[in-house]
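A structural walkthrough
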Amino acid sequence: MSEKLRLDKWLWAARFYKTRSLAAEEVGKGRVQVNGQDAKPARELKLDDTIVMRQGLVTRTVVVRGLSGMRGPAPVAQQMYEETAESLHLRALAAEQRRFAGEPAHSIEHGRPTKRDRRDIQKAWNNRWSASSDS
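Residues numbered from 1 in each chain as written. Predicted model: local features only at pLDDT ≥ 70, side-chain atom pairs only at ≥ 80, totals over all residues. Heavy atoms only, no water.

1. With respect to the environment of Leu90
Within the element layout of this structure, Leu90 appears in helix H4 (residues 85-100). Classification of Leu90 by relative accessible area gives partly exposed; the value is 43%. Taking the C-alpha atoms as reference points, Leu90 and Val58, 32 residues apart in sequence, are found 8.3 Å from one another. (Helix = DSSP H or I, 4+ residues; strand = E, 2+ residues; numbered from the N terminus. Buried < 20%, exposed > 50% of the residue type's maximum accessible area, 1.4 Å probe, protein only.)

Dropping the structure here:
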């Protein structure tokens, strides 16, 4: 293990992002902070640095406990960081709010027509009065 490691490489190795380029992209968008400051992908991490990252609707706060540039199995990756108690509480709270939130599809009044609706629409178009032709 080395004493310092690039932020994007650590985020990838700790399995927060699927690829290193995706980790670098998220850091570049300002969604990751190290010790309270916006970071760049090449920022060097040290042990006990605090990382705050936004992943979708969830914000996670972790403390670096190990450095490794190799991506390994998930149990090994989870030993590289420790999530703060406050972060765990906020994630659980957000998960509960999502669970009790209404289904987004129920808010749509008129969605895609059903087969019966399409037949009725077609019948209405075929039986409509037209002033332009035939008679």
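2. What to know about the side chain of Glu83
As for its placement among the helices and strands, Glu83 is situated in strand S7 (residues 81-83). Relative accessible area serves as the criterion here: at 13%, Glu83 is assigned to the buried category. A distance of 3.1 Å separates the side chain of Glu83 from the side chain of Arg60, its partner in a polar contact. Side chain to side chain, Glu83 and Ser87 meet in a polar contact 2.7 Å long. Beyond its immediate chain neighbours, meaning those up to four positions away, Glu83 contacts Arg60, Thr61, Val62, Leu88 and Arg91. (Polar contact = N/O pair within 3.5 Å; in protein donor to acceptor, adjacent residues only side chain to side chain. Contact = heavy atoms within 4.5 Å.)

3. With respect to the sheet that holds strand S5 (residues 50-55)
Strand order in the open sheet formed by five strands is S3-S2-S5-S6-S7, and the pairing between neighbours is antiparallel. Because the sheet does not close on itself, it has two edges, and the strands there are strand S3 (37-38) and S7. In the sheet, strand S6 (residues 58-64) pairs with S7 via three bridges, with the strands oriented antiparallel. Paired with Val62 across the bridge in S7 is Glu83. (Pairing = 2+ DSSP bridges.)

4. Quick look at unusual backbone geometry
The phi dihedral of Asn35 falls on the positive side, at around 50°, and the residue is not glycine. Assignment of secondary structure puts Asn35 in the loop between strand S2 (32-34) and S3. Exposure remark for Asn35: the relative accessible area of 38% places this residue in the partly exposed category. For Asp48, which is not a glycine, the phi torsion comes out positive at approximately 70°. Mapped onto the elements, Asp48 comes out in the loop between strand S4 (44-45) and S5.

5. Comments concerning the nonpolar core
Counting residues in each nonpolar core, the largest one holds 21 residues, and the members touching the most others are Leu7, Trp10, Leu11, Phe16 and Ile51. Contributions of two or more residues to this core are made by helix H1 (7-13), helix H2 (20-28), S2, S5 and S6. Ranked by residue count, the leading element in this core is H1, at four residues. If near-sequence neighbours (up to four positions away) are discounted, Phe16 is found in contact with Trp10, Leu11, Met53, Gln55, Arg60, Val62 and Tyr81. (Core = buried A, V, L, I, M, F, W, Y, C linked by side-chain atoms within 4.5 Å.)

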